[in-house]
Structure formats: C-alpha cells, structure tokens
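Single-letter residue listing:
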Amino acid sequence: MADPAARTPARPAALHAAPKGPPPWNNPRVRAVVFQIVALGLVVWFGWTIFNNTLTNMESRGITTGFGFLDNTAGFGILFSLIPYDESNTYGRTFVVGLLNTLLVAFLGILFATLIGFLLGVARLSSNWLIAKMALVYIEITRNIPPLLQIFFWYYAVLRTLPGPRQSLDLLGAVHLNNRGLYIPWPHPETGFWAVGVALAVAVTGAALLLRWARRRQDQTGRRFPAGWASFGLVLGLPLAVFWLTGGPVAWDLPALDGFNFKGGARLIPEFIALWAALTIYTASFIAEIVRSGIEAVSHGQTEAAQALGLKRGPALRLIIIPQALRVIIPPLTSQYLNLTKNSSLATAIGYPDLVGVFMGTTLNQTGQAVEIVAMTMAVYLTISLSIAFLMNLYNRAVTLRER
Amino acid sequence: MIKTKAALAAGLAAAVLTAPALAAETLDAVKSRGELVCGVSTGLPGFSSPDDAGNWTGIDVDVCRAVAAAVLGDADAVKFVPLTAKERFTALQSGEIDVLSRNTTWTHTRDTSLGLNFAGVNYYDGQGFLVKKDLGVASATELDGASVCIQAGTTTELNLADYFRFKGMDYSPVVFDTSDQTVQGFASGRCDVLTSDQSQLYGLRTKLDNPDSAVVLPEVISKEPLGPVVRQGDDEWFNIVKWTLFAQVNAEELGVTSENVEDMKTSDNPAVKRLVGTDGDMGEKLGLSADWAAMVVAQVGNYGEMFERNVGETTPLNISRGLNALWSDGGIQYAPPIR
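Residues numbered from 1 in each chain as written. Chains lettered and ligands numbered in written order. Predicted model: local features only at pLDDT ≥ 70, side-chain atom pairs only at ≥ 80, totals over all residues. Heavy atoms only, no water.

An unreviewed UniProt entry lists chain B under the name General L-amino acid transport system substrate-binding protein, with Roseospira visakhapatnamensis given as the organism.

As recorded in an unreviewed UniProt entry, chain A goes by the name General L-amino acid transport system permease protein, listed as coming from Roseospira visakhapatnamensis. Note on chain A: under the UniProt heading Sequence similarities (unreviewed entry), the record states "Belongs to the binding-protein-dependent transport system permease family. HisMQ subfamily." (UniProt positions renumbered as here; feature names shortened; annotations may be inferred.)

What follows is the structure, given as structure tokens:
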C-alpha cells in the first residue's frame, strides 16, 4: 500500500503560520492518517474474514480443528531421528523430529555448497586452462538440471544400485557401504576423555591469542607471521597429543552385520546422502557463478596494484580481491542459502523424513488437520528463511565498504 | 483516493466470494455435469489401475462405475482422478471429487474427525507382509531388525508400529508416497519387507520382474475393511452410494447377473421385482429412476461378478472369496434387504 503522506507536501500548514489552519477534512495530514487507518482496517478485516470463514466451514462439515492433536500419541515409526523417538511419542514430537531433520540437511548442505562453490568459482577464473574448463563443465551441467532430477539420480541411479547388506562393500572391515546406507565406526568416550576436552579448550584459547598477537605485530612492525597455519596445528595437534598420552580413552562402536541389517556404529541413510549430495552439488554451481561475478567485479587495477606491491597471487586474492568481492557476493549468496533450505523439502520425493515428509505427510494424514499443519509448516520455513536472511544481513553489514 | 476505493471494492468482493459455502447437493451437481468424478489410486492392480489402452479397471473402479450407472444410466460417464494416499481425503473434503473409492480403510478416526462418511465395505482386507524367498523367512515373528517399505499416510503405517512394538521387535520404516515407489524400494533391496493390505501385496507382487521370487507371509496383523467414502452432510448422496453397493450384493444373493437381468424383469420373485424396479418405488426414494439397480447390474454386474472379474481366481491376483464371500457361503458380505 502506497503511503499517501509521502506524496502530499506536508509543509503548507507549517509554513502558513496563520492562526486558523484548514478544516480537518481538508487538512492533507489528517486525511492521510484517516485513509491509512481505513486501509489497515480493511486489510485486518479481510484477513479475519478468511480465517473466520474457514473455521465456520470446517465446523459445519464436521472436520476437527484446533491444535489439541499435537498432544496425541503418533503411533508411527520414523526412519531417522536426531532425538530419541518411538511410536509412543506425540504428534508434537514428530514435528520436532521433522524440523531437526530439515535443519540438518539444510545446514550441512549450505556448509558444503559454500566450500565447493568458492573453490569452483576461483577455479573457473584459474589461468590453468584445464582447471578452468573443468569447473565450467561442472557448473554448466549441474546448474541446468532441475534439483529434483538430481536427487532422483543420486537415489535411484547411484545408491540403489549398491549391493545389499550381506554383500556390502567394506573398507578395512570398519566402514560398510550398501543399499541401506553408509555405516561408520562411532567413538564413545571413556573415563579420562575429559583431558582431551580440556586440551581442545586450551588450544582454541591459545590459537585466539596467537592470532591477536600476530595481527598486532603486523600492524606495528609490518612483519607477517603464519598465524593461520600455526593455530590450525595447535587446535589439531594438542588434543591429539593428549589423546595419545592418555592412552586413547575411547571405545569404538563398530558396525556389524546382525540379522537383516548392520547394527552399531553411526549410519547415514541413503535418502539423506542422496538429498545432501544433490542439494550441495546443485547449489554449489550457483555459488561458483556468484563468486566468479564477485571477483570479476573487483577492478583489475586492484590486482595490478597488489602485484606492484610484490604480493604473490595467493595472498593478493586472499587479502585484496576476496574482501572486496564479498560485498558483491553476499546478497545473492543469501538467496542461494534460502533456495537450498526451501529445496530441502524435495526430500519427500525419496522418503527422507524431513518436516514436509513426516509432519505434512504422515502426521497430516493420520490426523486430517490440514489447515493447522500446513500453516505450521509454512511458518517454519518462513522463520528459517528470515533467520538466514537476518544473519546474512548482519554479515553483509560487517563486510560492506566503509568510506572514511 | 482511487487506491483506497479500489481496496474497498476488493474487500467487498472478497467478502462476497468467501461467504460460507452451503453443503452442495452432490446428486444435482453430478446430474447437471453428466459425469461422476471419482477418486481412485495411482495404480493398484485389481483395485484401480489403468490398462494398456488407458481405461481404468479394478474393483474400486467398478464401484464408481456402478454409482454412475445408477445415477446417470451410463457406467462410462465417470472421470477418474488418481490420488496418493496423502491427497485422498483433502480431495474429497474440498469437493474436487464426488466419491472416493480408493482401497480406503474404514476407521474410527477417519469416520469421526475428517467430516467424511464411509458408505460400506466392498472388500474385507487385512495387513500382511511380502518378503523375498531367499531371505528364508517363514513367519512375521522372524522379522526383528528388518527394513520395511510402506506407503505414507496409510493405516498400514500405524498397524506396523503397533505390531512390532507389541512383539518387542525392532524395525526401520522406509516411507514412500506411492505404492509403485514401495515396490521399487522392495525390488531394489532398499528394504527386506514390503507391507500393505494382503490383497495389495498380491497385486504389487505381479509388478515384480519375477513374481515367484517373493512370498506373502501367513500372518494377517489387522482388520482393513475397504470401502467408498463420501462427504458428511449430504445424506441423499450418502444413501445412493451405500445402496448401490448393497444392490450389487443383493443381486448376487438373488442370482441376478449382468447376463440374466433383462429376463429377471419378468420374474415373479417379489425381492427380485423390487431390485430390478418392476415393483415398488425404490429408485424414487433415492431420487433415481426405477430401474437404477437393474442398470447397475446390467452394466457393471453383481458383487460376485465384480470380484471375480478384477481380483478373483481367474485373474493374475488369484484371490479366493474368503471373507468376501456372501454370508450364506461362509463369508461376511451381507446387505440389508431392498424393501
């Protein structure tokens, strides 16, 4: 709705400092406010009518309404859950299970799509002909095939053709891959493991201090210290050393064939792998193009200036080009993150138990309360998307060009 | 100003458009359309599936055809709408279809909370398990730890959870949208077990490359009375669907078939006369023509014919009458009398 006040010059009343203003019905400011109130009232009334009408109609047709169903026992099983769940839990819990499964695939998808996308975007601009062309081929193929087909490809063409559990492929007898999923050993900490945790905390603190010291030294003396590699080694090395010194206080839970399936260890179900792979690979190609456009948007003079200062290609990219490119990259990158999250609802096509599959699928069907469930699901996607947009906007503000 | 006026007009128009809809008179709607819109499955051999020429066949399809014959006098005046298990109730509630005939189990929750009415039972079923022969499993009690393929949004999902929990066994459910996907999952080895209503298992087994490589286990773990469903609040239409099915069962009981129905119009048996419409005003009471039931039997056949043609022992499904035999033959198909 346009704001009438913005168009109407609001000054005349103030300029003519006459004791008597125009009558209220001719006063543009009063009229602007009145019309806005009327418009707002109509919008609210319109929304309420739809809501009320839906309720009345459902009641007259004998369809149960309300959110009471969330406390009822669900009574159906779910293939994969991050929190303990069984048939005796409530429909409310199926909502949480589905939500967490959606967040899991969205989070891991965004993480890996960003990593692969940045690598590809840089590779696309590489002066090495082969690398640049390979990146180009990857991008043009994956970007132009619909994500649903890519999910089907991974699920039906790749993972379905794997052998069954009794003939599964294995690596060193510890990692097993078959058409039921990927089984890996999973560590269970034993007594004494706390020392490793302490070592990790010390290493992280030490690394943070090291980075600060290195930055201050560079600011003061101009000399650089490879703080990135040093802190990486610290964070990785110290806990490992402590782990080794304390005699490895971890029990490995190895997967083993028992009856129909493997038991023990951790398991990635094929539905998750297919969805994750497809979303990551599809979105990575868009991110690669965004990164490329961001880098190309930085004037070539910047590269030349960096070379003139004696910076090598790597540091020039890292210190000069990418920080400036980020200003161009971040806004469209946010859209890609939102797209990936929303595309994760394609999970339902291959039976990955995400929010749409579990809650808007089975739960909706068992309870029949379509209006409530669809509204809740839409609210969830809206909330996730707005949160991502909010966080990315914060980051965007941090990297925008500050004019001094 | 103009904008405000437009908003006001839009608001009023919306208010008129969204005025509470009254329960539509389904019979009048079907008659004026000249066509019955019927919700069926996306493809389940014997129940509702399209053949090579695109014609729908099956026992659920025949229920739709029978209703069309009773109401419009033409068993072919049906438009079939394929629906997944998840879509079916919403499609009926919203008025997209006139009747749902899609191997749907009659349960308390569905009957009481969805605003729907079950109009009878055209097939008494029970849930079973299909497993590959080479697993060497002879009973459902040996299925601890199995992966099970199921169709989303079915009573099957709930029965399965109940059964495994009650037996203290573990399982992992692999849930798909359509029964075709569950068969694919089973065939490719994603799951050890395919579970569904037993009749469907026989039908789905025919879709495997080698149907003899799988067997249906003897256990039946639930009651699954399947039947047509209509919207609540239109009792006239509810009666028509209900009595069309009853007329078919009564016809079998009275020995009226699609072949002899014309001769039966001269019968002296008062029950037959009421059925074929040569006596009484049974059709009028339903708002239909006098020979409504005769048209149903002539064009679709009686219940027994419908059963044998679609799922009986001469078909690939090879299902015996069992529970679905007439009450007088040891089954439980029983219809109230037409009088």
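So much for the structure itself; the text now carries on.
Trainee: Could you clarify how one ought to interpret the overall build of chain A in this entry?
Mentor: A count of helical and extended segments in chain A gives 13 helices and eight strands. The C-alpha atoms of chain A give 29 Å as radius of gyration, which overshoots the globular expectation for 404 residues (22 Å, by more than 25%). For chain A, the spread of C-alpha atoms along the three principal axes comes to 90 × 75 × 45 Å. Residue burial in chain A is summarised as follows: out of 404 residues, 39% are buried. Contacts in chain A between residues far apart in sequence, at least 24 positions, make up 67% of those at least 6 positions apart. Of the accessible surface of chain A, which amounts to about 22,900 Å², a share of 68% is contributed by carbon and sulfur atoms. (Helix = DSSP H or I, 4+ residues; strand = E, 2+ residues; numbered from the N terminus. Rg over C-alpha atoms; globule rule 2.2 N^0.38 Å. Buried < 20%, exposed > 50% of the residue type's maximum accessible area, 1.4 Å probe, protein only. Contact = heavy atoms within 4.5 Å. Areas by Shrake-Rupley, 256 points an atom, 1.4 Å probe, with all protein chains shown as cover.)

Trainee: Sorry if this is basic, but what is going on with the overall build of chain B here?
Mentor: For chain B, the count of helices and strands is 14 helices and 14 strands. Expressed as a percentage of the 339 residues in chain B, the buried residues total 58%. At a minimum sequence separation of 6, the contacts of chain B that also span at least 24 residues come to 71%. Across chain B, 27 positive and 45 negative side-chain charges occur, with their mean positions spaced 6 Å apart. (Lys, Arg positive; Asp, Glu negative; His and termini not counted. Charge placed at Lys NZ, Arg CZ, Asp CG, Glu CD.)

Trainee: In this structure, what is going on with the packing of helix α4 (residues 91–124) of chain A against helix α12 (residues 355–367) of chain A? I would like to understand it.
Mentor: If you want to describe how two helices pack, look at the angle between their axes and the distance between the axes. Residues and elements named next belong to chain A. Where α4 meets α12, the axes come as close as 7 Å, and the angle between the chain directions of the two elements is 160°. Our classification of the angle between α4 and α12 gives roughly antiparallel. Touching Tyr91, Thr94, Phe95, Gly98, Leu99 and Thr102 of α4 are Leu355, Val358, Phe359, Thr363, Gln366 and Thr367, all from α12. For the contact of α4 with α12, a count of residues per class yields six nonpolar, six polar and no charged. (Axes fitted to C-alpha atoms, helices over the stretch in contact; angles between N-to-C directions. Parallel < 35°, antiparallel > 145°, perpendicular 65-115°, else oblique. Nonpolar A, V, L, I, M, F, W, Y, C, P; charged D, E, K, R; others polar.)

Trainee: Teacher, can you tell me more about the nonpolar core here?
Mentor: It is characteristic of soluble globular proteins that their nonpolar side chains tend to be buried jointly. Counting residues in hydrophobic clusters, the biggest one holds 129 residues, and the most contacted among them are Leu36(B) and Trp237(B). Element by element, the count of residues in this core is highest for helix α9 (residues 270–297) of chain A, at 11 residues. If near-sequence neighbours (up to four positions away) are discounted, Trp237(B) is found in contact with Thr26(B), Leu27(B), Val30(B), Leu36(B), Val67(B), Val71(B), Asp98(B), Val99(B) and Val230(B). One finds Leu160(B), Tyr163(B), Met169(B) and Val175(B) within the second-largest nonpolar core, a separate group that totals 20 residues. (Core = buried A, V, L, I, M, F, W, Y, C linked by side-chain atoms within 4.5 Å.)

Trainee: What exactly am I supposed to notice about the side chain of Arg231(B) here?
Mentor: Residue and element names in this part refer to chain B. Within the secondary structure, arginine 231 is located in strand β14 (residues 229–231). Within the buried set, arginine 231 has no salt-bridge partner at all; the shortest N-O distance to an opposite charge, 4.5 Å, is to aspartate 98. At a separation of 2.7 Å, a polar atom in the side chain of arginine 231 contacts the main-chain carbonyl oxygen of leucine 92. Here isoleucine 97 takes part through its backbone oxygen, which lies 3.0 Å from a polar atom of the side chain of arginine 231. Non-local contacts of arginine 231, meaning those with residues more than four positions away in its chain, are made with Thr26, Leu92, Gln93, Gly95, Ile97, Asp98, Gly115, Leu116 and Asn117. (Salt bridge = Lys/Arg side-chain N within 4 Å of Asp/Glu carboxyl O. Polar contact = N/O pair within 3.5 Å; in protein donor to acceptor, adjacent residues only side chain to side chain.)

Trainee: What's the story with the side chain of Asp125(B) in this structure? I'm lost.
Mentor: Residues and elements named next belong to chain B. Relative to the elements of secondary structure, aspartate 125 occurs in strand β7 (residues 123–125). Although aspartate 125 is buried, it forms no salt bridge, and the closest oppositely charged side chain is arginine 102 at an N-O distance of 11 Å. Here the side chain of aspartate 125 touches glutamine 198 through a polar contact of 3.4 Å, landing on its backbone nitrogen. Within the structure, aspartate 125 has its side chain in polar contact with the side chain of serine 199 (distance 2.3 Å). Sequence-distant contacts of aspartate 125, defined by excluding residues within four places in its chain, comprise Asp197, Gln198, Ser199, Gln200, Ser222, Lys223, Glu224, Pro225 and Leu226.

Trainee: Mind showing me how you'd approach the UniProt feature "transmembrane region" (unreviewed entry) in chain A here?
Mentor: The positions UniProt marks with the feature "transmembrane region" (unreviewed entry) are residues 32–51, 63–83, 95–123, 135–157, 192–211, 232–252, 272–295 and 373–395 of chain A. Secondary structure across residues 95–123 of chain A divides into 100% helix and 0% strand, with the first and last C-alpha atoms of the span separated by 41 Å.

Trainee: Honestly, the UniProt feature "domain: ABC transmembrane type-1" (unreviewed entry) in chain A in this entry has me stumped. Any pointers?
Mentor: Per the UniProt entry, the sites bearing "domain: ABC transmembrane type-1" (unreviewed entry) are residues 99–392 of chain A in this numbering. Secondary structure within residues 99–392 of chain A divides into 70% helix and 10% strand; the distance between the first and last C-alpha atoms comes to 21 Å.

Trainee: Can you walk me through the sheet that holds strand β2 (residues 175–178) of chain A in this structure?
Mentor: In sheet architecture, strand pairing relies on hydrogen bonds along the backbone and comes in two forms, parallel and antiparallel. Residues and elements named next belong to chain A. The four strands are arranged β1-β2-β3-β8 in an open sheet whose pairing can be described as antiparallel. The open sheet has two edge strands, β1 (169–171) and β8 (266–268), and neither has a second partner. For this sheet, the mean angle separating the axes of adjacent strands, direction not counted, is 15°. In terms of strand pairing, strand β3 (residues 181–184) meets β8 through three bridges, oriented antiparallel. Within β8, the residue paired with tyrosine 183 across the bridge is arginine 267. (Pairing = 2+ DSSP bridges.)

Trainee: What exactly am I supposed to notice about unusual backbone geometry here?
Mentor: With the exception of glycine, most residues fall at negative phi, and the peptide bonds are largely trans. All names here are of chain B. In this model, asparagine 103 sits at a positive phi of 30°, which is unusual for a non-glycine residue. Within the secondary structure, asparagine 103 sits in the loop between β5 (99–100) and α5 (108–113). Phi at asparagine 318 is positive, roughly 55°, even though this residue is not glycine. Mapped onto the elements, asparagine 318 comes out in the segment after α14 (303–310). When its relative accessible area of 48% is taken as the criterion, asparagine 318 is described as partly exposed.

Trainee: Explanation requested: the packing of aromatic side chains in the structure shown.
Mentor: Centre distance and the angle of the planes are the two values used to describe a pair of aromatic rings. Residues and elements named next belong to chain A. Under the definition given, this model contains 25 aromatic pairs over all chains. With 6.3 Å between their ring centres and 40° between their planes, phenylalanine 80 and tyrosine 352 make a pair best called tilted. Taken together, the positions of phenylalanine 80 in the loop between α3 (28–60) and α4 and tyrosine 352 in the loop between α11 (313–343) and α12 put the pair 272 residues apart, joining distant regions of the chain. Overall, phenylalanine 80 belongs to the buried group, its relative accessible area being 16%. The interplanar angle of 50° and the centroid separation of 5.8 Å between the aromatic rings of phenylalanine 272 and tyrosine 352 together place this pair among those described as tilted. (Phe/Tyr/Trp six-rings, centres within 6.5 Å; stacked < 30°, edge-to-face > 60°.)

Trainee: Before we go on, may I ask you to explain the interface of chain A and chain B in this structure?
Mentor: You'll often see interface size given as the accessible area lost when the parts meet. Listed as interface residues are 45 residues of chain A and, on the opposing side, 54 residues of chain B. With both chains or domains summed, chain A and chain B bury close to 4,000 Å², and 50% of this area falls on carbon and sulfur atoms. At the boundary of chain A with chain B, the tally comes to three salt bridges. Glu87(A) serves as the salt-bridge partner of Arg165(B), at 3.9 Å between the closest nitrogen and oxygen. Put simply, the parts of the chain that give the side of chain A that touches chain B at least two residues each are α3, α6 (147–159), β7 (261–263), α9 and α12 of chain A. Per element, the largest residue contribution to the side of chain A that touches chain B is seven residues, and it comes from α3(A). Split by residue class, the side of chain A that touches chain B holds 18 nonpolar, 18 polar and nine charged. (Buried area = accessible area lost by both parts, 1.4 Å probe.)

Trainee: Is there a simple way to think about the state of the cysteines in this case?
Mentor: Note: disulfide means a covalent bond formed between the sulfur atoms of two cysteine side chains. All names here are of chain B. Going through the model one piece at a time under the given rule, you end up with two disulfides over all chains. With a sulfur-sulfur separation of 1.7 Å, cysteine 149 is cross-linked through a disulfide to cysteine 191. Separated by 42 residues along the polypeptide, cysteine 149 in strand β9 (residues 146–151) and cysteine 191 in the loop between α7 (179–187) and β11 (193–197) bring together distant segments of the chain. On the basis of relative accessibility, which here comes to 2%, the residue cysteine 191 falls in the buried class. Cysteine pairing for chain B (bonded cysteines numbered in sequence order): 1-2, 3-4. (Disulfide = S-S within 2.5 Å.)

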